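Here's the letter readout for the chains.
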Amino acid sequence: MLYTSTRDKSIRVSSAQAITQGISEDGGLFVPCELPKFSIEKIVSMASMPYTERAKTVLREFLTDFTEEELDYCVSGAYRADKFSSAAIAPTVNVSGNKNILELWHGPTCAFKDMALQLLPYLMTVSAKKTAEGKEIVILVATSGDTGKAALEGFKDVDKTRILVFYPVDGVSPMQKLQMTTQEGGNVAVCAINGNFDDAQSAVKSIFTDAEIKKALAEKNMMFSSANSINWGRLVPQIVYYFSAYCDMLNMGKISSRDEINVVVPTGNFGNILAGYYAKQMGVPIKRLICASNSNNVLTDFLKTGNYNRNRAFYTTTSPSMDILISSNLERLLYHMSGEDDVLVSSLMANLNKDGEYTVSPELIAEIQAVFDAGFASEDFVNKTIKAHFDNYHYLCDTHTAVAVKVYDDYVNSTGDDIPTVIDSTASPYKFSKSVLTAVLGGKAPDLDEFDMVDELNRITGADIPSPLASLKSKKVRFENVCDKEDMSKMVFSLLKLD
């Protein structure tokens, strides 16, 4: 299995090189040159496997330069029983009728990013030994909330790595901020920026491809890589849980072999739903992939019209991990759906960088719409959905999951397409306790601090408090740095003690 760049398809690299490097030299994203195909018989055979074996079955098709021993080391280490609060790792739970929730938040940071970021450090260290022996890998991360903590937790004290995380100062929940600023580990650093996630992500991409900065790192025997979903090693583990969810649906008796399902994904950067697209292309019987956005509905507008335009109001919402206007992984989809037209992708990305928008051809958007549907949920509907779901089913969902549930309900009402469906649940409700408590109460939450809010939500709903969140109460804040977005490169040098 070889990988190429979305902006130059003449490039060929191994999976180890793609993972270590993170992003192509031309600014493009690495994608597999071809996708492996799974027969329905092979998928059905995975239903009897535990999650670790399902993961190895999928990943070995993409990581062909890893030995079986290396693959087992990575997967077994990532999905150890003591790291996840569910033995199933990512259980699928039936809520009502054909509505099923894929719970992706049972890992150590209580968010779906753990599914990939518990594995990526293992993939990174094995890959670095193959392609960058002796170098110290500097993981540079922009986060809208969940990626930062999951990456910090995954990479803390990993040999020959450093990790620097940047987050928008006013764009994460109090619990997300505490998770990052109290992070333990000798190789970690965290900094807030005066700006939003798009500002942080754009700066990180710019730093990655800055020749002067890379030269300065090389002189110290260092190199950059990424833990954001621009890194193929972050994206490929997410493909696994769509295979796993289909297997769970078989085991639950919700579907029979070859039956199609729909999948609904709350997404901002388009990585989570793109993993579902890869699973569909590989053979998982997925009929429709339904993209759920919050009030920052740039993806919904694109999928409905073919025009991508980030020149719009930016909203800070109660689902902050989706407060994004530049969805990086959409570039990968455009490459695949355009027939691997790297010239077109390069042109579209240049337009986005220069003018803040691009428009694809009617033919291309029609191809995309044959696979994807989309909708969005405003803040008021998010709160109503959380309350209705708890009142009707005694199922407590976080704000991001509520966006997806609302979009799913709207989709069924407008299309009548109510086949068995899997809805991604991306975070524990306790990561957003004030917003969830406000919704459950149907009005304003009481004036409490973050941890008293958690206790009150637990008292009212009875939902278990994840121990990683409860333990934050006694942890000391370690990182209080704040910088302007224009000064992020200087901060990188300062945090690495290279200035």
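Just so we're clear, the structure is a prediction, and the values are computed from it rather than from any experiment.

Rules of the game
Sequence positions are assigned chain by chain, starting from 1 and proceeding in written order. Local features in this predicted model are restricted to residues of pLDDT 70 or higher, and side-chain atom pairs are both shown and tallied only at a pLDDT of 80 or more, whereas totals for entire chains, interfaces and linings draw on every residue. Note that water and hydrogens are dropped before the side-chain values are worked out from all heavy atoms of the structure. What counts as a helix is a DSSP run of H or I of at least four residues, what counts as a strand is a run of E of at least two, and both are numbered from the N terminus. Here the term buried applies to any residue with accessible area under 20% of the maximum for its type, exposed to any over 50%, and partly exposed to those in between, with areas from a 1.4 Å probe on protein chains only. The contact definition used throughout considers only heavy atoms, calling two residues in contact when any of these lie within 4.5 Å. Note on geometry: axes are lines fitted to C-alpha atoms, helical ones only across the stretch in contact, with angles between N-to-C directions running from 0 to 180 degrees. By definition in this entry, angles of less than 35 degrees are roughly parallel, angles greater than 145 are roughly antiparallel, angles of 65 to 115 are roughly perpendicular, and the rest are oblique. Just so you know the grouping, Ala, Val, Leu, Ile, Met, Phe, Trp, Tyr, Cys and Pro go in nonpolar, Asp, Glu, Lys and Arg go in charged, and all remaining residues, Gly too, go in polar. Definition used in this section: a nonpolar core is a set of buried Ala, Val, Leu, Ile, Met, Phe, Trp, Tyr and Cys residues joined via side-chain atoms within 4.5 Å. Expected span, for any helix, means 1.5 Å times one less than how many residues it has. Here a polar contact is taken to be a pair of N or O atoms separated by no more than 3.5 Å, where protein atoms must pair a possible hydrogen donor with a possible acceptor and residues adjacent in sequence count only if both atoms sit in side chains. Pairs of strands are assigned from DSSP output, requiring at least two bridges between the strands. Crossovers are described as right-handed under a simple rule: with the strands pointing away from the observer, the path leading from the first strand over the helix to the second runs clockwise.

### Comments concerning the environment of Cys 247
Piece 1. If you trace the backbone, Cys 247 turns up in helix α11 (residues 232–251).
Piece 2. Take Cys 247: its relative accessible area is 0%, and that puts it in the buried class.
Piece 3. Sequence separation between Cys 247 and Asp 170 is 77 residues; the distance between their C-alpha atoms is 40 Å.
Piece 4. When near neighbours in sequence (up to four residues on either side) are disregarded, Cys 247 contacts Ile 43, Met 46, Ala 47 and Arg 54.

### A few points about the side chain of Asn 297
Piece 1. When you line up the elements, Asn 297 lands in the loop between β11 (286–293) and α13 (298–305).
Piece 2. A relative accessible area of 12% places Asn 297 in the buried class.
Piece 3. Discounting chain neighbours no more than four positions away, the residues touching Asn 297 are Arg 312 and Phe 376.

### Some thoughts on the packing of helix α4 (residues 68–78) against helix α6 (residues 120–131)
Piece 1. Between α4 and α6, the least distance of the axes is 9 Å, while the angle of their chain directions is 155°. In this view, α4 runs roughly antiparallel relative to α6, as classed from their interaxial angle. Touching Glu 70, Tyr 73, Cys 74, Gly 77 and Ala 78 of α4 are Tyr 122, Leu 123, Val 126 and Lys 130, all from α6.
Piece 2. Of the residues assigned to the contact of α4 with α6, the class counts are 6 nonpolar, 1 polar and 2 charged.

### Remarks on the nonpolar core
Piece 1. With 140 residues, the main nonpolar core has Phe 166, Ile 239 and Leu 334 as its most contacted residues.
Piece 2. Looking at this core, the element that brings in the most residues is α11, giving 13 residues.
Piece 3. The contacts of Leu 334, once residues within four sequence positions are left out, are Phe 302, Val 345, Leu 348, Met 349, Tyr 358, Val 360, Leu 364 and Ile 368.
Piece 4. Membership of the second largest hydrophobic core comes to 39 residues, among which are Leu 178, Ala 292, Leu 396 and Ala 402.

### Focus on helix α20 (residues 450–461)
Piece 1. Spanning 12 residues, α20 covers 17 Å between terminal C-alpha atoms, matching the ideal 16 Å at 1.5 Å per step.
Piece 2. Where α20 is concerned, the buried positions are Glu 450, Phe 451, Met 453, Val 454, Glu 456, Leu 457 and Thr 461.
Piece 3. At its buried positions, α20 is contacted by α8 (174–181), α17 (379–393), α19 (433–441) and α21 (467–470).
Piece 4. For α20, the side-chain oxygen to backbone nitrogen distance between the N-cap and Phe 451 is 3.1 Å, and the N-cap itself is Asp 449.
Piece 5. Just downstream of α20, Gly 462 is the residue with a positive phi angle, here 80°.

### Regarding the pairing of β11
Piece 1. When you tally the buried positions in β11, you get 7 out of 8 residues, the bulk of the element.
Piece 2. In this structure, strand β10 (residues 261–266) lies alongside β11, joined through 5 bridges in parallel fashion. The residue bridging Val 265 from the neighbouring strand is Cys 291, located in β11.
Piece 3. Each parallel crossover has a hand, and for β10 linked through helix α12 (residues 271–282) to β11 it is right-handed.

### Section: the sheet that holds strand β6 (residues 136–142)
Piece 1. One open sheet accounts for 5 strands, arranged β9-β6-β7-β8-β16; its pairing is parallel. Taken across any chain shown, the strands that pair with only one partner, and hence form the sheet edges, are β9 (222–226) and β16 (481–484). Geometrically, the sheet is characterised by an average inter-axis angle of 30° between neighbouring strands, direction not taken into account.
Piece 2. Packing of helix α10 (residues 211–219) onto the sheet brings it into contact with β6 and β9, and relative to β9 it is tilted by some 125°.

From the geometry alone we can't say anything about function, so treat these as descriptive.
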